[in-house]
Every structure is written in C-alpha cells, then in structure tokens.
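Spelled out, the chains give:
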Amino acid sequence: MAIRTCVILLALVVVIVPLVGPGVAYERPPARKMYVVPADDNKDPNHPEQVHISLVGADKMRISWLTKDDTPAEVRYGTKKGQLGSSAAGTTRSYKYTIYKSGTIHDVIIGPLTAGTVYYYRCGSSGPEFSFKTPPSQLPLRIAVAGDFGQTEWTKSTLEHISESNYDLLLLAGDLSYADLYQPLWDSFGRLVEPLASRRPWMTAIGNHEVERVVFIHTEKFTSYNSRWHMPFEESGSTSNLYYSFEVAAGVHVVVLGSYTDFGSDSEQYKWLEADLGKVDRKRTPWLLVVLHAPWYNTNTAHRGESESDDMRDSMEELLYKARVDAVFAGHVHAYERFDRIYKGKKDKCGPVYITIGDGGNREGLATKYDEPKPEISLFREASFGHGQLNVVDGQRMEWTWHRNDDDRSVAADSVTLKSLATEPDCN
C-alpha cells in the first residue's frame with residue numbers, strides 16, 4: 001500500500017511541478033542515489049526523533065522533535081552531563097497532508113542561556129541525552145552555509161564535511177528535504193540531519209520544494225515546513241514563518257527572506273523588511289547578511305527568467321543597497337557561484353556580494369551550463385556539490401571559503417576576504 005501511494009504521489013509531482021514554479025529546462029548529470037533514513041520501529045513510541053534546534057532571541061534556544069505518540073512537550077537541561085536541573089514546557093501539534101498524518105511535533109523554548117556554553121538536554125521523558133553549544137557573545141563567529149540539501153549520498157557527504165568544521169550555526173538557503181509531497185521523506189530528512197541539527201542551531205529559509213501545494217487536493221502552502229521548522233519570526237516582528245531576522249554574537253544581523261511569498265512594494269514582507277533594516281545600528285552591528293532561495297544574480301542557464309528571482313530583485317534590491325547589506329546567500333541553482341559587489345546589474349563597491357550555494361547534494365543533480373563568456377561581475381563559478389564556511393573575524397573583516405565535495409573530501413576551492421561596508425567611508 002505504501003509503495004502504491006508513493007508511486008501515485010510521485011506521478012502527481014510530474015503533473016504539478018509546472019504549477020509550483022516555472023523554469024527553463026536544462027540538462028543535469030545524474031546525482032548519487034537517495035539516502036533515506038527509515039524509522040526504528042523497535043523504539044518506544046515516546047522516543048524523540050528528528051531533534052533540531054534554532055535560535056530564539058538573544059539568549060534562548062528552540063528545541064523541536066517528533067514522537068509517534070502524543071506526549072507532553074518538556075525539556076530538561078543543564079550545563080553538566082547527567083545533571084539536568086532546569087526544565088521548560090512548550091507546545092505540541094501535528095498536521096495532515098492528504099492521507100499522511102504526522103507524528104506529534106514538540107516545540108519548547110529554553111533559556112535564558114549563557115553564550116559560548118555547552119548545554120545538555122533531554123526531550124520528553126525518554127530517549128538519549130543530547131548536547132548543544134550556544135553561539136559566542138562576541139565575534140569571531142563561524143557560520144556554515146548550505147542550500148538544496150535533499151537526501152542523497154552527496155547530501156551525506158556534505159553533512160559529514162560540515163560536521164568536521166568548527167561552526168557556531170548553520171544557514172540553510174532553502175530546499176531542505178525534497179519531499180515533494182511524499183511526506184515520509186520529511187521524517188527521513190529530520191533523522192538524517194539530527195546528528196548535526198541537534199548540536200548547533202540551524203536557521204532555514206524556504207525554497208520552491210517547500211511549497212507543496214496541490215491544486216484541489218492540498219491548497220495550503222508550506223504546511224510541512226511551517227509545522228516542522230519553526231523559525232523566530234515572532235521575535236523579529238514578522239507575521240510569517242517564511243521571513244524573519246535575528247542577531248548573533250553582538251555584531252551580525254541576519255535577514256532571511258521568502259522567495260515564494262509576496263514580495264512586492266505593497267506586501268507585508270516588503271514592509272517588514274524595510275522596517276527591520278531600518279532598526280539595524282551599523283555602529284553596533286557591523287555585519288548585515290541576507291539569506292533567500294531564488295538568486296537575484298545568476299550566470300548559470302538554470303532557473304533563468306523566474307519571477308522569484310527577477311521580480312523580487314527589482315522590488316527589494318534598493319532596500320538592501322541602501323542598508324549596505326554585506327552579502328546575500330541564495331540556493332535554487334545547483335552549482336556554486338560568487339559575484340562581485342553588485343547593484344543594478346553592475347559592479348558597485350557599496351553593493352552586496354552575491355553568492356549562490358545551491359549545491360548541498362539534491363537528487364536532481366548539478367546545473368552545469370553557464371553563459372559564455374563569463375560576465376565580468378561573476379568572479380568564480382563551478383558546478384560541484386559542496387558547502388560554504390563564513391568566518392566573521394571581527395567588526396571589519398570576514399573570510400568566506402567554499403568547500404567542494406571532491407571524491408568525498410572537503411576541498412577549499414574558492415575563498416575571499418570581505419570588509420564590512422559599515423566601515424567603508426565612501427559607502428556611508
């Protein structure tokens with residue numbers, strides 16, 4: 001029955017994909033095979049799984065997990081292993097998607113917490129003791145950046161490389177599970193990333209594969225994503241989990257935008273973005289980063305002419321430029337590309353650096369075709385799987401390195417040192 005249902009849903013994908021997001025066809029080489037993590041049916045129904053954490057405000061952390069049965073949302077925690085003297089309670093929910101019903105999704109916020117500290121915690125009444133480390137209170141700060149993970153053996157390789165880096169938090173530029181309507185793949189993805197996502201905060205953006213709207217069958221967008229990956233939108237004054245912001249290490253303000261929700265000048269997202277950027281004090285917060293899914297600049301032949309890229313750029317680019325955003329990270333295109341500082345399609349020393357990092361390991365393969373000759377504004381591009389590491393050294397300098405998955409080895413293939421635009425006299 002499960003196999004038959006899967007086949008039916010996959011058939012629906014073929015029919016519905018054009019309704020989710022248009023794109024230009026291009027040839028991709030085959031990716032590695034799927035890497036699905038099944039449920040352990042021998043474990044207690046109250047056993048927590050798919051554990052992941054995310055930042056909430058300056059000194060709190062959200063702990064999220066699933067159980068098969070309906071159990072209370074409670075987390076016990078402390079700074080010593082086996083001594084979990086503090087506790088917090090939260091909320092539970094579940095959702096339905098056609099014939100699928102999720103397990104119980106738990107959501108607990110713990111804190112206040114001390115920066116740069118290892119905490120031990122247990123979800124619910126059973127299961128193992130986990131641990132995480134809070135980000136530092138001051139710079140330096142190390143950020144892992146990735147996009148378009150999916151669930152393949154390339155994904156597994158990328159996750160292994162990220163786990164070997166000494167990062168403080170991860171930014172994921174959309175397209176998480178590639179469930180594409182088949183909801184058990186959301187569960188598999190949660191199990192796949194738990195070893196990393198339970199130890200460091202993961203801050204995520206939406207991609208086109210999170211939309212999961214089926215005309216006449218399931219008309220609500222982002223049902224699975226919003227239910228499973230609750231980001232701190234309330235704390236940043238946003239009314240939607242699809243866009244939000246947060247500050248970390250007393251020097252970095254991160255804005256996460258939603259490419260697949262309204263972004264016009266009269267939209268709630270636009271108004272929120274304008275207000276959020278206006279609140280940032282660049283004397284106190286020297287770094288301003290943006291994460292979204294559909295890239296605003298792209299010399300790859302994949303995903304050209306899409307509204308989520310071109311129209312969103314036309315609508316919001318001036319806001320980012322006036323705010324002196326330092327860098328914009330995107331996914332969607334399954335390759336890596338780093339641009340110069342740009343504004344309105346031209347090199348501009350006061351514009352953001354644009355980086356496409358949609359090469360986390362998805363099942364669709366790599367986007368290998370580029371415009372030739374290479375435009376001057378594109379400084380480095382390569383169709384390989386990998387991830388990025390951003391080392392925010394201090395209030396003036398940050399170091400970016402892209403690591404290629406080379407035969408399962410993490411190889412630093414591109415790097416650049418950037419200076420904060422807040423410190424550039426000609427841009428202020």
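Calculation notes
Residues numbered from 1 in each chain as written. Predicted model: local features only at pLDDT ≥ 70, side-chain atom pairs only at ≥ 80, totals over all residues. Heavy atoms only, no water. Helix = DSSP H or I, 4+ residues; strand = E, 2+ residues; numbered from the N terminus. Rg over C-alpha atoms; globule rule 2.2 N^0.38 Å. Buried < 20%, exposed > 50% of the residue type's maximum accessible area, 1.4 Å probe, protein only. Contact = heavy atoms within 4.5 Å. Areas by Shrake-Rupley, 256 points an atom, 1.4 Å probe, with all protein chains shown as cover. Lys, Arg positive; Asp, Glu negative; His and termini not counted. Charge placed at Lys NZ, Arg CZ, Asp CG, Glu CD. Core = buried A, V, L, I, M, F, W, Y, C linked by side-chain atoms within 4.5 Å. Pairing = 2+ DSSP bridges. Axes fitted to C-alpha atoms, helices over the stretch in contact; angles between N-to-C directions. Phe/Tyr/Trp six-rings, centres within 6.5 Å; stacked < 30°, edge-to-face > 60°.

(A) Quick look at the overall build of the protein chain. From N to C terminus, the protein chain includes six helices and 24 strands. Taken against the 2.2 N^0.38 rule, which gives 22 Å for 428 residues, the C-alpha radius of gyration of the protein chain at 21 Å falls within 12% of a compact globule. Considering only C-alpha atoms, the protein chain reaches an extent of 60 × 50 × 45 Å along its principal axes. Relative to its full complement of 428 residues, the protein chain shows a buried share of 58%. Across the protein chain, every contact between residues at least 6 apart in sequence was considered, and the portion connecting residues at least 24 apart equals 69%. Just so you have it, the protein chain exposes about 17400 Å², and 50% of that area is on carbon and sulfur atoms. Each charge sign in the protein chain was given a centre, from 47 positive and 57 negative side chains, and these centres are 3 Å apart.

(B) Main features of the nonpolar core. Of all hydrophobic cores here, the largest spans 109 residues; its most connected members are Ile63, Ile110, Tyr121 and Trp202. If one sorts the elements of this core by residue count, helix 3 (residues 184-197) sits on top with seven residues. Residue contacts for isoleucine 110: discarding those within four places in its chain leaves Asp59, Lys60, Met61, Ile63, Val75, Tyr77, Ala88 and Phe132.

(C) Just the sheet that holds strand 9 (residues 118-123), in detail. Reading across from one edge, 4-3-9-10 is the order of the four strands in this open sheet, with antiparallel pairing throughout. Both outer strands of the open sheet, strand 4 (86-89) and strand 10 (129-133), are each paired with one neighbouring strand and no more. Ignoring strand direction, the axes of neighbouring strands in this sheet form an average angle of 30°. In terms of strand pairing, strand 9 meets strand 10 through five bridges, oriented antiparallel. For tyrosine 121, the partnering residue across the bridge sits in strand 10 and is phenylalanine 130.

(D) Seen up close, the packing of aromatic side chains. Taken as a whole and assessed by the stated rule, the structure comprises 19 aromatic pairs. Ring centres of tyrosine 121 and phenylalanine 132 lie 5.5 Å apart, and the angle between their planes is 55°; this geometry places the pair in the tilted category. Separated by 11 residues along the polypeptide, tyrosine 121 in strand 9 and phenylalanine 132 in strand 10 bring together distant segments of the chain. Its relative accessible area of 1% is what places phenylalanine 132 among the buried residues. Relative to tryptophan 400, the ring of phenylalanine 329 has its centre 5.2 Å away and its plane inclined at 45°; by these criteria the two rings are tilted.

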